[in-house]
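The chain contents come next:
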Amino acid sequence: MTSPTRTPNSPLNRAAVSSADGDARPQVLPAAEGWEQQRTAEGRPLLQFASPRVKQPPQHLADLTLAERAETLKELGLQPFRAKQLSTHYFQHWTTDPERMSDLPKAGREELVEAMFPPLLTEVRRLRTDDGNTIKFLWRLFDGALVESVLMRYPGRITLCVSSQAGCGMNCPFCATGQAGLTRNMSTAEIVDQVVAANRVIAAGELGATEHPDERVTNIVFMGMGEPLANYKRVMAAVHRFVDPAPEGLGMSARNITVSTVGLVPAIRKLADEELPVTFALSLHAPDDELRDELIPVNNRWKVDEAIDAAHDYFRKTGRRVSIEYALIKDMNDHAWRASLLAKKLNQRGRGWVHVNPIPLNPTPGSIWTASEPEVQDEFVETLRAAGIPTTLRDTRGKEIDGACGQLAAAE
Ligand code: SAH
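Residues numbered from 1 in each chain as written. Predicted model: local features only at pLDDT ≥ 70, side-chain atom pairs only at ≥ 80, totals over all residues.

1. Side note on helix 7 (residues 265-272)
Turning to helix 7, its buried residues number three or more, namely Ala-267, Ile-268 and Leu-271. The buried residues of helix 7 occupy one face: seen down the axis, they fall within an arc of 105°. Residues of helix 7 that are buried make contact with helix 6 (232-243), strand 8 (257-261), strand 9 (279-283) and helix 9 (304-318). (Buried ≥ 20, exposed ≤ 12 C-beta atoms within 10 Å, placed from the backbone. Helix = DSSP H or I, 4+ residues; strand = E, 2+ residues; numbered from the N terminus. Arc of directions from axis to C-beta. Contact = placed C-beta atoms within 7 Å.)

2. Quick word on the domain arrangement of the chain
Split into domains, the chain comes out as domain 1 (61-116) and domain 2 (120-411). Computed from C-alpha coordinates alone, the two centres of domain 1 and domain 2 are separated by 33 Å. In this assembly, eleven residues from domain 1 lie in contact with 15 residues from domain 2. When residues in the side of domain 1 that touches domain 2 are grouped by element, the largest group, five residues, is from helix 3 (residues 82-91). Each residue belonging to the side of domain 1 that touches domain 2 can be placed in one class, and the counts come to five nonpolar, four polar and two charged. (Domains from an automatic or database assignment. Nonpolar A, V, L, I, M, F, W, Y, C, P; charged D, E, K, R; others polar.)

3. A closer look at the environment of Ala-83
Mapped onto the elements of the fold, Ala-83 is located in helix 3. The class for Ala-83 is buried, based on 25 C-beta atoms found within 10 Å. With residues near it in sequence (within four places) discarded, Ala-83 still touches Leu-66, Arg-69, Ala-70 and Leu-73.

4. Thoughts on the pairing of strand 4 (residues 157-161)
Summarising burial for strand 4: four of the five residues are buried, a large majority. Count of turn residues in the strand 3 (residues 146-154)/strand 4 antiparallel hairpin: two residues, of which Gly-156 carries a positive phi of about 80°. (Pairing = 2+ DSSP bridges.)

5. Let's talk about the site of the ligand
The ligand sits among 16 residues. The nearest are Cys-175, Ser-283, Glu-325, Cys-405 and Gly-406. Secondary structure elements with two or more residues in the shell around the ligand: strand 8 and strand 10 (322-328). Considered class by class, the residues forming the shell around the ligand number eight nonpolar, six polar and two charged. (Near = placed C-beta within 6 Å.)

6. Overview of the packing of helix 10 (residues 336-348) against helix 11 (residues 374-386)
Contact geometry of helix 10 with helix 11 gives a least axis separation of 9 Å together with a crossing angle of 25°. Classified by the angle their axes make, helix 10 and helix 11 are roughly parallel. Pair helix 10 / helix 11 crosses with right-handed handedness. Contacts between helix 10 and helix 11 involve Ala-336, Ala-339, Ser-340, Leu-342 and Ala-343 on the former and, on the latter, Glu-379, Phe-380, Thr-383 and Leu-384. Residues that form the contact of helix 10 with helix 11 fall into these classes: six nonpolar, two polar and one charged. (Axes fitted to C-alpha atoms, helices over the stretch in contact; angles between N-to-C directions. Parallel < 35°, antiparallel > 145°, perpendicular 65-115°, else oblique. Left-handed = near helix turned anticlockwise from the far one by under 90°.)

7. A word on the sheet that holds strand 3
Taken in spatial order, the nine strands make up an open sheet running 1-2-3-4-7-8-9-10-11, and their pairing is mixed. Each of the sheet's edge strands pairs with one partner strand only, and the pair in question is strand 1 (122-129) and strand 11 (354-360). Neighbouring strand axes in the sheet, compared pairwise and without regard to direction, differ in orientation by 20° on average. Sheet strands touched by helix 11: strand 10 and strand 11. Its angle to strand 11, the strand with the most contacts, is close to 180°.

This is how it looks when you write it as structure tokens:
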């Protein structure tokens, strides 16, 4: 069914022809299959930047800095030093159980816990694969919205893929999350609580074969549901909770936290100024505006070169090598000439600042698009490497449980 679209005067075909490298492979154009992509009155794919439902969950300890927690406790008529005790329970012991907080006075303890730790995530379902080394969680939020996170054990590290929004407003036609649009931004504590919940599961010995007794999430990737840079303030506060030393936060290393974006250029520039050396990933998926305009609707606002410039500036400001994500889609974006064009655009800006992660496309409901053929994949990777671009093919985990990149849609 992936019949090649060969409109002679389509700009994409001209691009393919002008590559003049004998690459006579067809050019499939993006189109939503099996579902309707939401459009504006002018017929453009709808982009939702603002959270449509303003009601956020009740405030939780993880929404606040340590100083703000102390302030809140003071307002509740309690001594500010209790903030540290409560923080230790949550960020170091991953507990919100008043029974386990024997350092707090018995009188009023339950009320205090209720006020500081309103339940945010209710587990709806847990799916396992890879011999129990990958777990996908489905969570219900206080207002019924559903989100997912995916926990993955690798040798020597444990990665959690977190969601930052319920749904997503970026409307990329190949990604399952965008199909239902944006429900709302997640709160800081809703983002943080995914990690704390995962740490509890790991501590209970429920993630594959334990390597050592003090295991916990070591790496966080903002590659679950949502566009993290469209929920900038809450996401940045969550990153602070991840890296703040215990007991204010989880005491993780910023370089083990990856913020992935579809390319919101002004927000990328803001992120570069934060002085938080997180790992930065740009979901590019096409080096030419003709294709990227169709594949990534936000490209109509910020073009390929602007997004790559912003990524390069991120490297210049932080010294952190950035990643380019590139889902390989059969006959759509996997042509050798595109690998060459991508390499050219990256090399134009310098050497050693970037690496490319091609990801074989994961199937999404209703989609007829497929991953590239293995030899095409190899050719794409080799073309980049030959041009001096470090390139690692990423085989995403959790396909069997719809937990891989682009498959998170959170239905019951
Ligand atoms: N909104 C952010 C983060 C979420 S998606 C972003 O766009 O970066 C995490 C990664 O999975 C992105 O690189 C995204 O483009 C990719 N992805 C989406 N759908 C996919 C699919 N069907 N197969 C493989 N990767 C996909």
